[in-house]
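Reading the structure
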Amino acid sequence: MTGLFLDTLHGQAARERPIWLMRQAGRYLAEYRAVRASEPDFISFCLNPEKAVEVTLQPIDRFGFDAAIIFSDILMVPWALDRNVHFVTGEGPKLDSMVRGDEITESLMDGMSDRLSPVAEAITRCRAALQDDKALIGFAGAPWTIITYLLEGGSSRDFATARRWLWENDKRFDRLLETVGRATADFLTLQAEAGADALMLFDSWASAVPAHLRRKVVIDPVNSIIGMLRDRGVKQPVIGFPKGIGEGLVAYCNETDLQGVGIDHGVDLRWAAETLPSHITLQGNLDPLSLIAGGDAMACAIDDILDAMAGRPHIFNLGHGITPETPVSHVHDLLARVRGEDS
Ligand code: CP3
């Protein structure tokens, strides 16, 4: 497998910039909404290989992005660990909180790969359907972000429970970090073996970790997961996305064995170009909300990113997921601008 995305992730600064968008399969697309309406339960939707393949390929067919990301969710791991994950319309994800002290047992861990096998099947089918030069990304949540959901029982404003466990140096937190790390490595191995060309670890709530604990909670778990993957012969490149950690990116890039790092839109890319090690491919970082505005404001922001990353391996992306309100025509404009075509 080669192609613009993988070549760039392997450190070659190509003549053209690869591009894909986080949450590119999603509600801003009418064809996604149509398939989604046929499967009211979000988890069943993710576990339906036929539908997962269909929506994964929709943004590739429509826009020709350089990479597809398998349609699944970071909460599939808590689901497979029997945490009763469900999605309530308008309220987001809900799951049974683990604060009462229940543990993730070995038998739950053992059964995980079987329960997640439909994701593997969707990946194998997607890989077969994609052109050779389009990459397929598999993904999982990073342990800290998954632990926030496990402890808070859903989305949270301040992650107070998870942070309190951190500060109280609760041994249960350390055990969770270890077991969730192993579960994450298992899920990524499953996806790599099924045919994913690259893997991504979303640490969406990394910004909630106090700075002095980032090494323990954000950086070390990434390395332990990559270590497990490499021990099992998984060779796929890995991208980390520690959203919102700002200056923490320096240690994150220098001290992890990642091939790529996602940069959110709070980071000045000129600072990133000067400061972050050049062996790491950077991915990002257009504010998804700029796609709602479109026009000159978006065009200037795109040019600024292209300029800041000139001469360095860079995968164009957003600083976070595309929003449901995004006009599809603005996505076409974005692609044309990045690819240097008239829109
Ligand atoms: O296109 C892609 O990027 C691939 C699919 C993907 C989804 N979720 C599908 C999805 C990916 C990569 C994710 C990752 C994910 N899921 C993250 C990390 C990235 C980030 O955004 O920070 C997180 C935190 C989650 C957890 C999650 N899943 C939330 C908070 C929600 C929103 C709930 C809501 O009601 O909006 C989801 C649901 C979800 N996952 C949707 C999609 C397209 C929307 C649900 C729908 O279609 O009804």
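Report on the accompanying structure. (Residues numbered from 1 in each chain as written. Predicted model: local features only at pLDDT ≥ 70, side-chain atom pairs only at ≥ 80, totals over all residues. Heavy atoms only, no water.)

**Observations concerning the overall build of the protein**
If you tally the helices and strands in the protein, you get 16 helices and nine strands. Against the compact-globule benchmark of 20 Å for 343 residues, the protein has a radius of gyration of 19 Å, which places it among compact chains. The principal-axis extents of the C-alpha atoms in the protein amount to approximately 55 × 45 × 40 Å. Residue burial in the protein is summarised as follows: out of 343 residues, 59% are buried. In the protein, once contacts between residues fewer than 6 apart in sequence are set aside, the share between residues at least 24 apart is 72%. By element, 47% of the accessible surface of the protein is carried by carbon and sulfur atoms, the whole surface being about 13800 Å². (Helix = DSSP H or I, 4+ residues; strand = E, 2+ residues; numbered from the N terminus. Rg over C-alpha atoms; globule rule 2.2 N^0.38 Å. Buried < 20%, exposed > 50% of the residue type's maximum accessible area, 1.4 Å probe, protein only. Contact = heavy atoms within 4.5 Å. Areas by Shrake-Rupley, 256 points an atom, 1.4 Å probe, with all protein chains shown as cover.)

**Description of the packing of aromatic side chains**
Tallied over the full model, the rule gives twelve aromatic pairs. Both rings, one in Phe-42 and one in Phe-71, keep their centres 5.9 Å apart while their planes meet at 75°; by these two values the pair is edge-to-face. Here Phe-71 lies in the loop between strand 1 (67–69) and helix 5 (76–80) and Phe-42 lies in helix 3 (residues 42–46), a separation of 29 residues in the sequence. Every member of this aromatic cluster is reached through a ring pair, and the members are Tyr-32, Phe-42, Phe-45, Phe-71 and Phe-87. It is Arg-172 that lies over the ring of Trp-165; its NZ or CZ is 4.1 Å from the centre. (Phe/Tyr/Trp six-rings, centres within 6.5 Å; stacked < 30°, edge-to-face > 60°. Lys NZ or Arg CZ within 6 Å of the ring centre and 35° of its normal.)

**Some details on the site of the ligand**
Around the ligand lies a shell of 22 residues, among which Arg-23, Tyr-32, Asp-73, Ser-204 and His-320 are the nearest. Interatomic distance of 2.5 Å between a side-chain N/O atom of Ser-204 and an oxygen atom of the ligand. The protein chains hide 89% of the 880 Å² of surface that the ligand would expose on its own. When atom positions are compared with the pocket grids, the ligand is found to occupy the largest pocket. (Near = heavy atom within 4 Å. Polar contact = N/O pair within 3.5 Å; in protein donor to acceptor, adjacent residues only side chain to side chain. 1 Å grid on protein atoms, 1.4 Å probe; cavity = no way out; pocket = protein on both sides within 12 Å on 5 of 7 lines; lining within 4 Å. Sits in = over half its atoms within 2 Å of the grid points.)

**Structural notes on helix 8 (residues 143–152)**
Counted residue by residue, helix 8 has nine buried out of ten residues, so it is predominantly covered. Positive phi appears at Gly-153, one or two residues downstream of helix 8, with a value of about 75°.

**As for the environment of Met-76**
Mapped onto the elements, Met-76 comes out in helix 5. Considering only alpha carbons, one finds Met-76 and Leu-282, 206 residues apart in sequence, at a separation of 27 Å. Ignoring any residue separated from it by four or fewer positions in sequence, one finds Met-76 in contact with Ile-43, Cys-46, Leu-47, Leu-116 and Phe-187.

**Focus on the packing of helix 9 (residues 160–167) against helix 10 (residues 171–194)**
The contact between helix 9 and helix 10 brings their axes to 7 Å, and the two run at 110°. Considering their axes alone, helix 9 and helix 10 lie roughly perpendicular with respect to each other. Contacts from Ala-162, Trp-165 and Leu-166 in helix 9 reach Arg-172, Phe-173 and Leu-176 in helix 10. (Axes fitted to C-alpha atoms, helices over the stretch in contact; angles between N-to-C directions. Parallel < 35°, antiparallel > 145°, perpendicular 65-115°, else oblique.)

**Considering the pairing of strand 9 (residues 314–318)**
On a regular strand, one side chain projects to one face of the sheet and the next to the other, so that they alternate. With five of its five residues buried, strand 9 lies for the most part within the structure. Along strand 9, one buried face is formed by His-314, Phe-316 and Leu-318 and the opposite face, lined by Ile-315 and Asn-317, is buried too. Strand direction decides the pairing type here: strand 8 (residues 281–286) and strand 9, joined by five bridges, are parallel. Paired with Gly-284 across the two strands is Phe-316, which belongs to strand 9. (Pairing = 2+ DSSP bridges.)

**Digging into the side chain of Gln-24**
Position of Gln-24 among the secondary structure elements: in the loop between helix 1 (4–9) and helix 2 (30–37). Judged by relative accessible area, which is 1%, Gln-24 ranks as buried. If near-sequence neighbours (up to four positions away) are discounted, Gln-24 is found in contact with Leu-29, Pro-59, Ile-60, Phe-65, Ala-67, Ala-68, Ile-69 and Ile-322.

**Observations concerning the nonpolar core**
In globular proteins that are soluble, nonpolar side chains generally tend to be buried together. Counting residues in hydrophobic clusters, the biggest one holds 128 residues, and the most contacted among them are Phe-5, Trp-20 and Leu-334. Among the elements that make up this core, the one with the highest residue count is helix 10 (eleven residues). Among residues more than four places away in sequence, those in contact with Trp-20 are Phe-5, Phe-65, Ala-67, Ile-69, Ile-137, Met-200, Gln-283, Ile-315, Phe-316 and Asn-317. (Core = buried A, V, L, I, M, F, W, Y, C linked by side-chain atoms within 4.5 Å.)

**Here we look at the sheet that holds strand 9**
Read from one edge of the open sheet, seven strands run 1-4-5-6-7-8-9, paired in parallel fashion. The open sheet has two edge strands with one neighbour each: strand 1 and strand 9. On average, each strand axis in the sheet is tilted by 25° relative to the strand beside it, whichever way the strands run. Against the sheet, helix 10 makes contact with strand 4 (135–141) and strand 5 (198–203), and its axis sits at roughly 165° relative to strand 4, the strand it touches most.

**Things to note about unusual backbone geometry**
Residue Asn-285 follows Gly-284 across a cis peptide bond; omega there is -10°. Tracing the backbone through its elements, the reader meets Asn-285 in strand 8. One non-glycine residue with positive phi stands out, namely Asn-84, at about 55°. Mapped onto the secondary structure, Asn-84 falls in the loop between helix 5 and strand 2 (86–88). Notably, Phe-159 is not glycine yet its phi reads approximately 55°, a positive angle.

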